[in-house]
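A closer look at the structure
Residues per chain are reported as follows:
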Amino acid sequence: MASGTNNPAPQATACAHPGHIAVTYNEGPSDVTAKVLNGLKAGQAKASFFVNATWLYTQQYAMILQRAYNDGHLIGMTYRAPGDTTQGMTDDQIRADVTNSAKVIETLIGVAPKYIRLHYSQPEDTRLENIVRDMGYTLIYYNLDTQDYNFKTNPKGIAELYRNTFSKQLDTYDSKGSFISVQYDIPDTGSYQAIYDTINQIDSSGYKMVRLDGCLNDKEPYKESASSKKAVSDKHSFGSADYKEGQKPVDKPETLSTNDSLEDGTSDTTSSDRTSSNKSTAAIMDYMSSWISLCIFALAMTALA
């Protein structure tokens, strides 16, 4: 039983091989995800997206998730407890809420996420960590925080942070490191504007972009279903013929805006739901928190029944 333990559950924080970096994005899909996907496509690079199932009730975001999956990126799940706390929830209620979130993703891409990233909490919610681990999830953390929320007006600073991290690693240890980086897939950071510079900086520093399954040498990075513990692969998984890693230098477009496409060349005309470029980071996080509730997931179960 997971309940009652005070010991933190193991979490992946780095890749298995020096020179590998898994670039990960949290809290999408959003109005800027297509920009990120277009940049990754131009650089022939793959990333890992930890999606917030709450947004997937909006059709445009559901379609963006499907595009990300079909483009060959790894899909994980961000889990944020109702009210940002599991206090007052039983173990069974936590399991049901996590499963309902995963089921929404499974409905859209055909497999359930196995990799999970928990929303930050203080103090650390070790009970939640151990419950989700007992459910068959792999907890993912990071060892490179891009702090992209500080670079909305200076997106080049994100690529510079990557460069400084790689340089410090080399100066200190005289060798390449391995990294799992974190960025936020929302309009109120500089990440979508920095995607081209980020790919080029990683490439020029001699690192290779990999999905998290390649990072961790995991040939089964999904679950058979949201309610199952059985791990499975898909056609894009590490070790499969369609698995891709690496990147190439890419030219940055002259302009980048939040008005992008669900597919290349298809105009997105319904982005007003989450346009928030004039909000502060604190405001956008409050906005996101207000949407997350057990009520929404109860509606999801009704729709999926």
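A short tour of the structure in this document, coming up. Because the structure is predicted, anything quoted here is derived from the model rather than measured. (Residues numbered from 1 in each chain as written. Predicted model: local features only at pLDDT ≥ 70, side-chain atom pairs only at ≥ 80, totals over all residues. Heavy atoms only, no water.)

Attention shifts here to the nonpolar core. Side chains of nonpolar character tend, in soluble globular proteins, to be buried together. Counting residues in each nonpolar core, the largest one holds 70 residues, and the members touching the most others are Ile 21, Leu 40, Phe 49, Ile 75, Val 98, Ile 105 and Leu 212. Ignoring anything within four residues of it in the chain, the contact list for Ile 105 reads Val 51, Ala 53, Leu 56, Leu 65, Ile 75, Gly 76, Met 77, Val 111 and Pro 113. (Core = buried A, V, L, I, M, F, W, Y, C linked by side-chain atoms within 4.5 Å. Buried < 20%, exposed > 50% of the residue type's maximum accessible area, 1.4 Å probe, protein only. Contact = heavy atoms within 4.5 Å.)

Here a disulfide denotes a covalent bond joining the sulfur atom of one cysteine to the sulfur atom of another. Counted according to the given criterion, the structure contains 1 disulfide. The partner cysteine of Cys 15 in its disulfide is Cys 215, sulfur to sulfur 2.2 Å. With the S-S bond torsion at -110°, the cross-link from Cys 15 to Cys 215 turns out left-handed. Linking Cys 15 in the segment before strand E1 (20–28) with Cys 215 in helix H7 (residues 212–215), this pair joins segments that are 200 residues apart in sequence. In terms of burial, Cys 15 and Cys 215 fall into one category: buried. (Disulfide = S-S within 2.5 Å. Helix = DSSP H or I, 4+ residues; strand = E, 2+ residues; numbered from the N terminus.)

Here Gly 28 and Pro 29 are connected by a cis peptide whose omega angle stands at -5°. The topology assignment puts Pro 29 in the loop between E1 and helix H1 (33–42). For the peptide bond that leads from Gln 122 to Pro 123, omega is 5°, which places it in the cis range. Among the secondary structure elements, Pro 123 is positioned in the loop between strand E5 (115–118) and helix H4 (126–134). One non-glycine residue, Asp 174, adopts positive backbone phi at about 55°. Mapping Asp 174 onto the fold places it in the loop between helix H5 (156–173) and strand E8 (179–184).

On to the environment of Asp 234, then. Inspection of the secondary structure puts Asp 234 in the loop between strand E11 (231–232) and helix H8 (281–291). A sequence separation of 14 residues divides Asp 234 from Glu 220, and the C-alpha atoms of the two residues are 7.7 Å apart. Beyond its immediate stretch of four places on either side in the chain, Asp 234 contacts Tyr 69, Arg 211, Tyr 222 and Ser 240. One polar contact links Asp 234 to Tyr 69, side chain to side chain, over a distance of 2.7 Å. Within the local environment of Asp 234, its side chain forms a polar contact with the side chain of Ser 237, the two groups lying 2.7 Å apart. (Polar contact = N/O pair within 3.5 Å; in protein donor to acceptor, adjacent residues only side chain to side chain.)

Now for the sheet that holds strand E4 (residues 112–113). Strand order across the open sheet formed by 3 strands is E4-E10-E11, with antiparallel pairing between neighbours. The two strands at the open ends of the sheet, each matched to only one other strand, are E4 and E11. Pairing between E4 and strand E10 (residues 222–223): 2 bridges, direction antiparallel. The partner of Ala 112 across the bridge, within E10, is Lys 223. (Pairing = 2+ DSSP bridges.)

Take the packing of H1 against helix H2 (residues 59–70) next. It is the contact of H1 with H2, at a shortest axis distance of 10 Å, that shows an interaxial angle of 15°. With respect to their mutual orientation, H1 and H2 come out roughly parallel. Helix-helix and strand crossings are classified by hand; for H1 and H2 the assignment is left-handed. Contact residues: Thr 33, Ala 34, Leu 37 and Asn 38 in H1; Ile 64, Arg 67 and Ala 68 in H2. Taken together, the residues of the contact of H1 with H2 break down into 4 nonpolar, 2 polar and 1 charged. (Axes fitted to C-alpha atoms, helices over the stretch in contact; angles between N-to-C directions. Parallel < 35°, antiparallel > 145°, perpendicular 65-115°, else oblique. Left-handed = near helix turned anticlockwise from the far one by under 90°. Nonpolar A, V, L, I, M, F, W, Y, C, P; charged D, E, K, R; others polar.)

On to the environment of Ser 167, then. With respect to the helices, strands and loops of the structure, Ser 167 is situated in helix H5. On the basis of relative accessible area, Ser 167 is assigned to the partly exposed category, the value being 34%. A sequence separation of 38 residues divides Ser 167 from Ser 205, and the C-alpha atoms of the two residues are 8.4 Å apart.

As far as function goes, none of this settles anything; it's purely spatial.
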